[in-house]
Amino acid sequence: MSRQGKHGPERPQDNHTELWQLWREFAITLRTPDYRLAKAQDFGVFTTGALLITAVFVLLNIAWDYAIDPVNAHQAIGHRLFQSAAVLVWAIATWCHVHSWPARLATILVPLMVQVSFIEVLSLLDNGNAFGIGGFLYFFIFVPFLLLAQSLRLSLLVLALITVFPLFAPTFGVSADLDREIYLAYMLISFPPVVALRIFFEYLYWGLYRYRRQIEHHANTDGMTRLLNRRRFLLEGTKLLADARHRNQTASLVFIDIDHFKTINDTYGHHIGDIAIDHLAEIMRQCARSGDLVARYGGEEFMVLLPSTELGLAKEVAQRLRRTVASTPLNVPETDVPDLELTISAGVASNNPQDGKPHDIDVLIHNADLAVYAAKRGGRNRVVRFERDMNTQDQHDSRADGTPSSAGN
Ligand SMILES: Nc1nc2c(ncn2[C@@H]2O[C@H](COP(=O)(O)OP(=O)(O)OP(=O)(O)O)[C@@H](O)[C@H]2O)c(=O)[nH]1
């Protein structure tokens, strides 16, 4: 009873804090370029299609004009053509680039221009004003679909503008002789739900966006160390090397393998082995520069791809890493495990465009792997740089024992 009483009042407050944080996250994400880009990509085609359908729909309104007033309808044809052309311009601007200033300007101006022209049509047709309010309402409910690709802020601005504009239209010299009270009543009833639906849509899309980002994160990240995983490393590494080739710059790869890792597993168990892997990942994360690609490539193997780095400098980086690992024993608190002095062996290779044959990521990994192998043979806890004759040696070894070469290991 007392426990319940104690925890009872805290719950609503927690819920409020959570809701507030969710809302803050929602509001912040909406302004990020990544979110805006994702939405433009997801809804660019939809919005363009919806605008093209609207352009046709506006033209078909000629039939509606003839139904209301067959005598004067021909006078409205020019307006309908203008409305359709304006929507078409909006569609083209959106298709070219949703967030460009022409597209955003069209998003604000075209609905207003269509409204002005619509008011003119109503004043040309007998009984036009009687049907006018229905037309406004129809347009108002239609427009949110045309605003899906745009930001929430711009969408709400456009909705507000097209709601109030007909009330002030006479100030601009266009008048539909609308019954202001009835128009206002219609709009007061429909504005809140239309705005709420637009916000609700944004919220749903944000949920999907967040979910997609989480999945992307899991697909690209190693779950244990939070470093890039092998798949992502190969993709990013290929891009980085292509960029280096384009700029005629050298990039270097450091391939790292923990020494005698099997012994750690066998002596202290896999759980301690996992902690050791995480420990090394943390050291690598801290030693890396911001542009470096650091990845867990496999079990106890790591990669560090260094852009704009010559082989000699890469070897220094690897040496520094090796020394840091060797001088940072792993302490696992609340266990009987003594401080573990881990060491690593590293192989370094570079993609040197000067030698006329820039390597792709597979070749670079293969070369660095051969260098790691040499480091292991040389006694471990060392860094070895790739030498051309290691390839010859590798082929020789493969032929001698009948196994294939270690390419891509
Ligand atoms: N705890 C743990 N162990 C792993 C993981 N992935 C691979 N291993 C183990 O890592 C060990 C690698 O052993 P080896 O390839 O023989 O190499 P080593 O014992 O480090 O010996 P050298 O590389 O020659 O110094 C194997 O026992 C794998 O089972 C992992 O995610 N967690």
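Along each chain, residues carry numbers from 1 onward, in the same order as the chain's sequence is written. The model is predicted, so local features are restricted to residues of pLDDT at least 70 and side-chain atom pairs to those at 80 or more, both for listing and for counting; the totals for chains, interfaces and linings are taken over all residues. As a convention, hydrogens and water are excluded, and side-chain values are obtained from all of the structure's heavy atoms.

### Considering the nonpolar core
- Counting 34 residues, the largest nonpolar core has Trp90, Val110, Phe136, Val143, Leu159, Ile162 and Tyr183 as the members making the most contacts within it.
- Leaving out residues up to four positions away in the same chain, Trp90 has contacts with Leu51, Ala103, Ala106, Thr107, Val110, Pro111, Leu146 and Leu147.
- By nonpolar core we mean a set of buried residues, namely Ala, Val, Leu, Ile, Met, Phe, Trp, Tyr and Cys, connected to one another through side-chain atoms within 4.5 Å. Burial classification: accessible surface area is computed with a 1.4 Å probe over protein chains only, and a residue below 20% of its type maximum counts as buried, one above 50% as exposed, and the rest as partly exposed. Membership of the second largest hydrophobic core comes to 31 residues, among which are Val254, Ile256, Val332 and Ile344. Residues are treated as being in contact if the distance between any of their heavy atoms lies within 4.5 Å.

### Looking at the packing of helix H11 (residues 270-287) against helix H12 (residues 311-326)
- Where H11 contacts H12, the two axes come as close as 10 Å, and the packing angle between them is 135°. Between H11 and H12, the angle is such that the two are oblique. Crossing geometry of H11 relative to H12 is assigned as right-handed. Together, Leu280, Ile283, Met284 and Cys287 of H11 and Leu321, Thr324 and Val325 of H12 make up the contact between the two elements.
- Note on residue classes: Ala, Val, Leu, Ile, Met, Phe, Trp, Tyr, Cys and Pro are nonpolar, Asp, Glu, Lys and Arg are charged, and everything else, Gly too, is polar. The residue makeup of the contact of H11 with H12, split by class, is 6 nonpolar, 1 polar and no charged. Note on method: axes are straight lines fitted to C-alpha atoms, helices fitted across the in-contact stretch only, with angles between N-to-C directions ranging 0 to 180 degrees. Each helix corresponds to a stretch of at least 4 residues labelled H or I by DSSP, and each strand to a stretch of at least 2 residues labelled E; elements are numbered beginning at the N terminus. Any angle that falls under 35 degrees is termed roughly parallel, while one over 145 is termed roughly antiparallel, one within 65 to 115 roughly perpendicular, and all others oblique. When the near helix sits turned anticlockwise from the far one by under a right angle, the crossing is termed left-handed; a clockwise turn instead gives a right-handed crossing.

### With respect to unusual backbone geometry
- Of note, the phi angle at Ser308 is positive, near 50°, even though the residue is not glycine.
- Along the polypeptide, Ser308 turns up in the loop between strand S3 (301-306) and H12.
- Of the residues examined, Ser308 reaches a relative accessible area of 47% and is grouped as partly exposed.
- Although it is not a glycine, Arg380 sits at a positive phi angle of roughly 70°.

### Overview of the pairing of strand S2 (residues 293-298)
- Burial runs high along S2: 5 of the 6 residues are buried.
- As paired elements, S2 and S3 share 5 bridges and run antiparallel to each other. If you follow Ala295 over to S3, its bridge partner there is Met303.
- Two strands qualify as a pair provided DSSP detects at least 2 bridges between them. If you look at the hairpin formed by S2 and S3, you'll find 2 residues sitting between the two strands.

### Digging into the pattern of salt bridges
- Whenever a carboxyl oxygen of Asp or Glu lies within 4 Å of a side-chain nitrogen of Lys or Arg, that contact is scored as a salt bridge. Considering all chains together, one arrives at 16 salt bridges under this definition.
- One salt bridge connects Asp34 with Arg213, and the closest N-O pair in it is separated by 2.2 Å. Linking Asp34 in helix H3 (residues 33-68) with Arg213 in helix H8 (residues 180-220), this pair joins segments that are 179 residues apart in sequence.
- Given the relative accessible area of 35%, Asp34 is considered partly exposed.
- Judged by relative accessible area, Arg213 falls into the partly exposed class, the value being 39%.

### Details of the site of the ligand
- Residues in contact with the ligand amount to 17 residues; listed here are only the nearest, His260, Phe261, Asp274, Arg296 and Arg380.
- Among the elements of the structure, strand S1 (251-258), helix H10 (261-268) and H11 are those that each provide at least two residues to the shell around the ligand.
- For the shell around the ligand, the element with the highest residue contribution is H11, accounting for 4 residues.
- Looking at side-chain class alone, the shell around the ligand contains 4 nonpolar, 5 polar and 8 charged residues. Being near a molecule or strand, for a residue, comes down to having at least one heavy atom within 4 Å of it.

### Observations regarding the UniProt feature "transmembrane region" (unreviewed entry) in the chain
- Under the feature "transmembrane region" (unreviewed entry), the UniProt entry names residues 43-64, 76-98, 105-125, 131-149, 156-176 and 182-205.
- The straight-line gap between the two end C-alpha atoms of residues 76-98 is 31 Å; of that span, 87% is helix and 0% is strand.
- Annotated as residues 105-125, this span is 95% helix and 0% strand, and its ends, taken at the C-alpha atoms, are 30 Å apart. UniProt positions are given in the numbering used here, feature names are shortened, and annotations may be inferred rather than shown by experiment.

### Quick look at the packing of aromatic side chains
- Two rings from Phe, Tyr or Trp (for Trp, the six-membered ring) form a pair when their centres are within 6.5 Å of each other. A pair whose planes differ by under 30 degrees is stacked, one over 60 is edge-to-face, and the rest are tilted. One pass over the structure, following the stated rule, counts 15 aromatic pairs.
- Centre to centre, the rings of Phe43 and Phe201 are 5.3 Å apart; their planes meet at 75°, and the pair counts as edge-to-face. Of this pair, Phe43 sits in helix H3 while Phe201 sits in helix H8, placing them 158 residues apart in sequence.
- For Phe43, a relative accessible area of 15% translates into the label buried.
- An aromatic cluster is defined as three or more aromatic residues linked by ring pairs; in this entry it consists of Tyr35, Phe43, Phe46, Phe201, Tyr205 and Tyr209.
- One Lys or Arg, Arg230, reaches over the ring of Tyr297 and ends 4.1 Å from the middle of that ring. Two thresholds decide whether a charge sits over a ring: the Lys NZ or Arg CZ must be within 6 Å of the ring centre and within 35 degrees of the ring normal.

### With respect to the domain arrangement of the chain
- Domain limits in this description derive from either an automatic procedure or a database domain assignment. Domains assigned within the chain are domain 1 (31-217) and domain 2 (230-401).
- With centres defined by C-alpha atoms, the gap from domain 1 to domain 2 works out at 57 Å.

### Some details on the environment of Leu305
- One can find Leu305 in strand S3.
- With 53 residues separating them along the chain, Leu305 and Ser252 place their C-alpha atoms 5.9 Å apart.
- Apart from the residues lying within four places of it in its own chain, the contact partners of Leu305 are Phe233, Gly237, Leu240, Ser252, Leu253, Asp292, Leu293, Ile361 and Leu364.

### A short note on the sheet that holds strand S4 (residues 344-351)
- Taken in spatial order, the 5 strands make up an open sheet running S2-S3-S1-S4-S5, and their pairing is mixed. Every interior strand has two partners, whereas the edge strands, S2 and strand S5 (383-385), have only one. Between one strand and the next, the sheet's axes are offset by a mean angle of 20°, whatever the strand orientation.
- Where S4 and S5 come together, 3 bridges link them in parallel fashion. Bridge pairing in S5 links Val348 to Arg385.
- Taken strand by strand, H12 contacts S1, S3, S4 and S5, and its axis lies near 165° from that of S4.

### Some points on the environment of Ile215
- Along the chain, Ile215 turns up in helix H8.
- In the structure, Ile215 is positioned 11 residues away from Leu204 in sequence and 17 Å away in space, judged by C-alpha atoms.

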